[in-house]
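Close look at the chain arrangement
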Amino acid sequence: MHPLQTQAWADFRRKMGLIVEIRNNWIITFHKIPYSHFTVGYFPKGPEPTPEMLNTLRHIGTKHHALFIQLEPNTTNYESRITNYELRISHRPLFTKYTFILDLTKSEEVLLKNMHPKTRYNIKVAQKHGVQIVHDDSDTSFEEFIRLSGKTTNRQKFYAHNETYLRTMWETMKNAGIASLWRGIYEGNTLSAWIIFTHGDTVYYPYGTSSRENTNVMAPTLLLWEIARWGKKNGYKKFDLWGALGPDPDPNDPWYGFHRFKAGFNPDLVEFAGSFDLVLKPTLYRLYCVANDVRWKILKILK
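The structure displayed is predicted, hence computed values, not measured ones.

Below, the discussion takes up the overall build of the chain. What the chain contains, in helices and strands, is nine helices and 13 strands. For 303 residues, the compact-globule estimate of 2.2 N^0.38 gives 19 Å, and the C-alpha radius of gyration of the chain, at 20 Å, lies within 12% of that figure. In terms of overall dimensions, the chain has C-alpha extents of about 60 × 40 × 40 Å along its principal axes. Burial analysis of the chain (303 residues in total) assigns 47% to the buried set. Within the structure as shown, the chain displays about 15,800 Å² of accessible surface, and the carbon and sulfur contribution to it stands at 51%. Each charge sign in the chain was given a centre, from 39 positive and 29 negative side chains, and these centres are 4 Å apart.

The following block contains the structure:
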């Protein structure tokens, strides 16, 4: 089961004011469309869709006046048996279709050997400079994460979760024993801070921040490596790095730097089945898609 299909995640989403439905251990959220009584449903990282599942989702969606329910199953493209089921390819996916997964069952020696030479070198650079990696879930540590998060968002000019979201998520998922916080520290200053999730046999990297200061000491590279080592020692089998661009990434893509950083550890590139929309109100769905496209164009102009 993925962390986004846990009771803790459902509790967090309710705290954020969303409608949450739990059926057959599936967690589906419904997001209100402003100035209307309609909603949009979202079913992240659930099982492979079946006709029976979709019939249940239609019933739930109708109850909440949903235009559509977006499904992003936690199954790989290789495993997927999705044929049609009246699903459409999502108008705007939320998860990337690809992710990187590092195999933690391999020895440290093999993991190091398999890395890109530059990544292996950067780990040694960070160690030589005395970068410290700390696993610290204290309030002080989280405030450092929040401080860096604002700087990262402004610097990269991408849209990120607001502070209320991050604080509510952190408290809920930390108290459930799923979230923990790691920092890379150099000369007393936090250069990188990550929130990771652990669930089942997997470590996940959903939220990360970094500083523009002292980038030459390569704190994020050592941070990822030390989290991987910790995961191995604690019996986790996989480290899901939470997103990748795909097998032929565009160097001009704004996420290319993140992709290249993760790729340096030589993880497996995993392709998911994809993102699909179960359309319940076809006419309104089409209007919604047009309006959503216009909204994103305006947001890009205003950046």
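This part is about the packing of helix 4 (residues 117–128) against helix 7 (residues 219–233). Direction vectors running N to C along helix 4 and helix 7 enclose 100 degrees, while the axes themselves pass 8 Å from each other. Judged by the inter-axis angle, helix 4 sits roughly perpendicular to helix 7. Judged by residue contacts, T119, N122, I123, A126 and Q127 of helix 4 engage T221, L222 and W225 from helix 7. Here the residues of the contact of helix 4 with helix 7 sort into four nonpolar, four polar and no charged.

The end-to-end C-alpha separation of helix 6 (residues 163–175) is 18 Å, in line with the 18 Å expected for 13 residues at 1.5 Å each. One side-chain oxygen at the N-terminal end of helix 6 lies 3.2 Å from the backbone nitrogen of T164; it belongs to N162. Positive backbone phi, at 80 degrees, marks G177, one or two positions downstream of helix 6.

So, about the environment of I22. Relative to the helices and strands, I22 resides in strand 1 (residues 19–23). Excluding its chain neighbours within four sequence positions, the residues that come into contact with I22 are Q7, A10, R14 and I27.

Bringing the environment of V134 into the picture now. Within the secondary structure layout, V134 lies in strand 7 (residues 132–135). Residue V134 is classed as partly exposed on the basis of its relative accessible area, which comes to 25%. Taking C-alpha positions, V134 is 9.5 Å from A193, a pair spaced 59 residues apart along the chain. Dropping the residues within four chain positions of it, V134 is found in contact with L181, W182, R183 and I185.

Attention shifts here to the side chain of T198. Mapping T198 onto the fold places it in strand 9 (residues 189–199). Setting aside residues up to four positions removed in sequence, T198 forms contacts with G177, I178, V203, W230 and Y236.

This next bit is on helix 2 (residues 51–63). An ideal rise of 1.5 Å per residue puts 18 Å on 13 residues; helix 2 measures up with 19 Å between its terminal C-alpha atoms. Three or more residues of helix 2 are buried, namely M53, L54, L57, I60 and G61. Down the axis, helix 2 shows its buried residues gathered within 120 degrees of arc, on one side only. In helix 2, those exposed residues whose orientation departs by more than 90 degrees from the buried face are E52, H59 and T62. Residues of helix 2 that are buried sit in contact with strand 1, strand 2 (26–32), strand 3 (39–44), strand 4 (66–72) and strand 13 (276–279). Backbone geometry just after helix 2 places H65 at a positive phi near 55 degrees.

Moving on, we come to the sheet that holds strand 12 (residues 268–271). Reading across the sheet, the seven strands line up as 7-8-9-10-11-6-12 and stay open at both edges, with mixed pairing between neighbours. In the strand order of this sheet, the two ends are held by strand 7 and strand 12, each with one partner. In this sheet, neighbouring strand axes are inclined to one another by 30 degrees on average, regardless of whether the strands run parallel or antiparallel. Across the face of the sheet, helix 6 comes into contact with strand 8 (179–186), strand 9 and strand 10 (202–210) while running at roughly 115 degrees to strand 8.

Turning our attention to the packing of helix 1 (residues 7–15) against helix 6. Where helix 1 contacts helix 6, the two axes come as close as 9 Å, and the packing angle between them is 145 degrees. Considering the relative orientation of helix 1 and helix 6, their crossing is right-handed. For the pair helix 1 and helix 6, the contacting residues are A8, W9, D11, F12, R13 and K15 in the first and Y165, T168, M169, T172 and M173 in the second. Residues of the contact of helix 1 with helix 6, tallied by class, amount to six nonpolar, two polar and three charged.

Right, let's talk about a nonpolar patch on the surface for a bit. A surface patch of nonpolar side chains, amounting to about 250 Å² of accessible area, comprises V290, V294 and I298. One can find V294 in helix 9 (residues 282–302).

Moving on: unusual backbone geometry. Even without being glycine, H65 reaches a positive phi, approximately 55 degrees. For H65, a relative accessible area of 36% corresponds to the partly exposed category. In this structure, M218 takes a positive phi of about 60 degrees despite not being glycine. Tracing the backbone through its elements, the reader meets M218 in the loop between strand 10 and helix 7.

Conventions we followed
Residues numbered from 1 in each chain as written. Predicted model: local features only at pLDDT ≥ 70, side-chain atom pairs only at ≥ 80, totals over all residues. Heavy atoms only, no water. Helix = DSSP H or I, 4+ residues; strand = E, 2+ residues; numbered from the N terminus. Rg over C-alpha atoms; globule rule 2.2 N^0.38 Å. Buried < 20%, exposed > 50% of the residue type's maximum accessible area, 1.4 Å probe, protein only. Areas by Shrake-Rupley, 256 points an atom, 1.4 Å probe, with all protein chains shown as cover. Lys, Arg positive; Asp, Glu negative; His and termini not counted. Charge placed at Lys NZ, Arg CZ, Asp CG, Glu CD. Axes fitted to C-alpha atoms, helices over the stretch in contact; angles between N-to-C directions. Parallel < 35°, antiparallel > 145°, perpendicular 65-115°, else oblique. Contact = heavy atoms within 4.5 Å. Nonpolar A, V, L, I, M, F, W, Y, C, P; charged D, E, K, R; others polar. Expected span 1.5 Å × (residues − 1). Polar contact = N/O pair within 3.5 Å; in protein donor to acceptor, adjacent residues only side chain to side chain. Arc of directions from axis to C-beta. Pairing = 2+ DSSP bridges. Left-handed = near helix turned anticlockwise from the far one by under 90°. Patch = residues over 30% accessible without salt bridge, like charges linked within 9 Å, V, L, I, M, F, W, Y side chains within 5 Å. Salt bridge = Lys/Arg side-chain N within 4 Å of Asp/Glu carboxyl O.

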